[in-house]
Amino acid sequence: MAEVVSVNISEKKGTVKREVPEIQLQLRHGIVGDAHAGDWHRQISLLAEESVDKMRALLPDLEPGAFAENINTRGLELKSLPIGTRLRLGETVVEVTQIGKECHNDCEIKRRTGKCVMPTEGVFAVVVREGTVRKGDEIEIIKDSI
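We now turn to the structure provided with this report. Just so it is clear, the model here is predicted, and its values are computed rather than measured.

**Remarks on the overall build of the chain**
When helices and strands are tallied, the chain shows three helices and 11 strands. For the chain, the exposed area adds up to about 7300 Å²; of that, 49% sits on carbon and sulfur atoms.

**What to know about unusual backbone geometry**
The backbone phi angle of R28 is positive, close to 55°, even though this residue is not glycine. Secondary-structure assignment places R28 in the loop between β3 (22-26) and β4 (30-31). Overall, the relative accessible area of 59% leaves R28 in the exposed class. The phi torsion at A68 lies on the positive side, around 65°, for a residue other than glycine.

**Comments concerning the sheet that holds strand β10 (residues 131-134)**
Sheet architecture is open: three strands sit in the order β4-β3-β10, paired in antiparallel fashion. The open sheet is flanked by β4 and β10, the only strands paired with a single partner. Note: β3 against β4, two bridges, orientation antiparallel. In the strand pairing of β4, Q26 is matched with G30.

**Considering the environment of S80**
Among the secondary structure elements, S80 is positioned in the loop between β6 (71-74) and β7 (86-89). Between the alpha carbons of S80 and E121 there is a distance of 8.6 Å; along the sequence they are 41 residues apart. At 2.9 Å, the side chain of S80 and the backbone oxygen of E77 are in polar contact.

**Thoughts on the pattern of salt bridges**
A full pass over the atoms with the stated rule returns 11 salt bridges. A salt bridge links R18 to E11, with the nearest nitrogen and oxygen atoms 2.5 Å apart. For E11, a relative accessible area of 51% puts it in the exposed group. Notably, a salt bridge pairs D53 with R56, separated by 2.9 Å at the nearest N-O pair. With D53 and R56 both in helix α1 (residues 49-56) and three residues apart, the pair spans about one turn of that helix. For D53, a relative accessible area of 32% puts it in the partly exposed group. Via salt bridges that share partners, E49, E50, D53, R56 and R74 belong to a single interconnected network.

Criteria and thresholds
Residues numbered from 1 in each chain as written. Predicted model: local features only at pLDDT ≥ 70, side-chain atom pairs only at ≥ 80, totals over all residues. Heavy atoms only, no water. Helix = DSSP H or I, 4+ residues; strand = E, 2+ residues; numbered from the N terminus. Areas by Shrake-Rupley, 256 points an atom, 1.4 Å probe, with all protein chains shown as cover. Buried < 20%, exposed > 50% of the residue type's maximum accessible area, 1.4 Å probe, protein only. Pairing = 2+ DSSP bridges. Polar contact = N/O pair within 3.5 Å; in protein donor to acceptor, adjacent residues only side chain to side chain. Salt bridge = Lys/Arg side-chain N within 4 Å of Asp/Glu carboxyl O.

This is how it looks when you write it as structure tokens:
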């Protein structure tokens, strides 16, 4: 079973996100209270915990949100999902809009290790159904979404 490992937000862009007990997803907005929210195609960022584990071999103290990701997952190969895939996260639904992104030049992790997983393994999505997402929520691929 795939599941949500952590949910993370930041109030300012360009900062590491911090883990919170739950997040509220809102249509045409993203995560209430997160600096990256807005009516655009990258409302929410997801990163597989398996990807973070690869970086923990170099930086063992990595915390949730270190890559500025909103949702950490386990048990689902996010980077191989086609654009348009819909995921049920607890009571919410999101749609994958982008895989990977250009890394910021000031990325602390890239400066320390010479590499970063977010540019190739991070996934971005928009909110399709509003609601709350919490650590431990089940993740399911909605089969008829693509």
